[in-house]
Amino acid sequence: MAEPDSLSRQCGAEIRDRLIEAAVHEFGEQGYDRARVQDIARRAGLSTGAIYGNFRNKAELLAEAVDRGLAAAARRLVEALDRGAAPTDLLEMITTDLSDPRRQTWAPLVSEALAAARRDDEVARRVHAALRRAEAKLTDLVELAQQDGSLAPEVDSAACARLVLCVSLGGDVLTASGLEGPDRKAWTALVHRLFARLASARSSG
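Definitions and cut-offs
- Residues numbered from 1 in each chain as written.
- Predicted model: local features only at pLDDT ≥ 70, side-chain atom pairs only at ≥ 80, totals over all residues.
- Heavy atoms only, no water.
- Helix = DSSP H or I, 4+ residues; strand = E, 2+ residues; numbered from the N terminus.
- Buried < 20%, exposed > 50% of the residue type's maximum accessible area, 1.4 Å probe, protein only.
- Contact = heavy atoms within 4.5 Å.
- Lys, Arg positive; Asp, Glu negative; His and termini not counted.
- Charge placed at Lys NZ, Arg CZ, Asp CG, Glu CD.
- Expected span 1.5 Å × (residues − 1).
- Arc of directions from axis to C-beta.
- Polar contact = N/O pair within 3.5 Å; in protein donor to acceptor, adjacent residues only side chain to side chain.
- 1 Å grid on protein atoms, 1.4 Å probe; cavity = no way out; pocket = protein on both sides within 12 Å on 5 of 7 lines; lining within 4 Å.
- Points joined across faces, edges and corners; volume = space filled by probe spheres on them.
- UniProt positions renumbered as here; feature names shortened; annotations may be inferred.
- Core = buried A, V, L, I, M, F, W, Y, C linked by side-chain atoms within 4.5 Å.
- Phe/Tyr/Trp six-rings, centres within 6.5 Å; stacked < 30°, edge-to-face > 60°.
- Lys NZ or Arg CZ within 6 Å of the ring centre and 35° of its normal.

Q: Is there a simple way to think about the overall build of the protein chain in this case?
A: In terms of helices and strands, the protein chain carries nine helices and zero strands. Along the protein chain, helices and strands appear, N-terminal first, in the series α-α-α-α-α-α-α-α-α. Principal-axis analysis of the C-alpha atoms places the extent of the protein chain at approximately 60 × 45 × 30 Å. Here the protein chain holds 205 residues, and the buried ones make up 40% of them. Long-range pairs, those at least 24 residues apart, make up 73% of the contacts in the protein chain with a sequence separation of at least 6. For the protein chain, the distance from the average position of its 28 positive side-chain charges to the average position of its 31 negative side-chain charges is 3 Å.

Structure (structure tokens):
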């Protein structure tokens, strides 16, 4: 039988999950500035007290939602590696999978968070930290690809990780704006050619 403290922690985690899920949709639909904490709480089936009992303010809730989304994406990469996926294939997937259904919910959230980070120091601090962690994971992935020989050792791993992050976040922002994507086959072929070139890169210096 679970101890009372354990049950309390589980209940608290469930409440936070419900609030974050509600916030993701509310921020995506209404925008960060127009989203109200009472509407987020109502959407989660909770009181506003539940929000302030778990988060300092709306800014922290937005940052937590982005942080969790990026952490979940990182976990999916690790799981794919554990199943035997090639690091380079995962890097290509990140830059080509513009039709992932999750993007329809995730993209507006990212777009709102990046905009809010320019106006809110707390959002900026948390979002930047989450992005740095995501970029570090991508750098690790690039280095794994170099270790297995599918990317040339001359490729700067940090620069390559930033390129992948920029393409992914740029795709999110454009998706959130409603801009129709390029032809999927043409885009995938272009990315494949890029990584093929990186596999055979040679230092010019």
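Q: Sorry if this is basic, but what is going on with helix H8 (residues 157-177) here?
A: Because an α-helix packs 3.6 residues into every turn, residues spaced three or four apart end up facing the same way. Between its terminal C-alpha atoms H8 stretches 30 Å, which fits the 30 Å expected from 21 residues at 1.5 Å a residue. Buried within H8 we find Ser157, Cys160, Ala161, Val164, Leu165, Ser168, Leu169, Gly171 and Asp172. Angular distribution of buried residues about the axis of H8 spans 160 degrees; they occupy a single face of the element. Sitting at the amino-terminal end of H8 is Asp156, which places a side-chain oxygen 3.2 Å from the backbone nitrogen of Ala158.

Q: Looking at this structure, I do not really get empty space enclosed by the protein. What am I missing?
A: A probe as big as a water molecule, rolled over the atoms, marks out the empty space that is left. Tallied over the full model, the rule gives one cavity of 30 Å³ or more. Here the largest cavity is characterised by a volume of approximately 40 Å³. For the largest cavity, the full set of lining residues is Val66, Leu70, Trp106, Val110, Ala113, Leu114, Val127, Leu131 and Leu169. Mapped by element, the contributors of at least two residues to the lining of the largest cavity are helix H4 (58-82), helix H6 (101-117) and helix H7 (121-147).

Q: Sorry if this is basic, but what is going on with the side chain of Thr139 here?
A: Relative to the helices and strands, Thr139 is located in helix H7. Residues in contact with Thr139, not counting those within four places in the same chain, are Ser157, Ala158 and Ala161.

Q: I tried to follow the UniProt feature "DNA-binding region" (unreviewed entry) in the protein chain on my own but got confused; where do I start?
A: Under the local residue numbering, the UniProt record ascribes the feature "DNA-binding region" (unreviewed entry) to residues 36-55. Counted over residues 36-55, helix gives 65% and strand 0%. Its end C-alpha atoms are 14 Å apart.

Q: Looking at this structure, I do not really get the environment of Val173. What am I missing?
A: The topology assignment puts Val173 in helix H8. Overall, the relative accessible area of 33% leaves Val173 in the partly exposed class. In the structure, Val173 is positioned 62 residues away from Ser111 in sequence and 5.2 Å away in space, judged by C-alpha atoms. Among all residues touching Val173, those that are not within four sequence positions of it are Ser111 and Leu114.

Q: Honestly, the nonpolar core in this entry has me stumped. Any pointers?
A: Buried together is how nonpolar side chains tend to be arranged in soluble globular proteins. Counting 54 residues, the largest nonpolar core has Phe27, Leu62, Leu91, Leu109 and Val123 as the members making the most contacts within it. It is H7 that contributes the most residues to this core, ten residues altogether. Residues contacting Leu62, with those up to four places away along its chain left out, are Phe27, Tyr32, Leu109, Glu112, Ala113, Ala116 and Val123.

Q: Got a minute to help me understand the packing of aromatic side chains in this structure?
A: The geometry of an aromatic ring pair comes down to the distance between the two centres and the angle between the two planes. Scanning the model with the defined rule gives one aromatic pair in all. Residues Phe27 and Tyr32 carry aromatic rings whose centres are separated by 5.7 Å and whose planes lie at 45 degrees to one another, so their mutual orientation is tilted. Each member of the pair, Phe27 together with Tyr32, is buried. Geometry around Tyr32 places Lys58 over its ring, the cationic atom sitting 4.6 Å from the centre.

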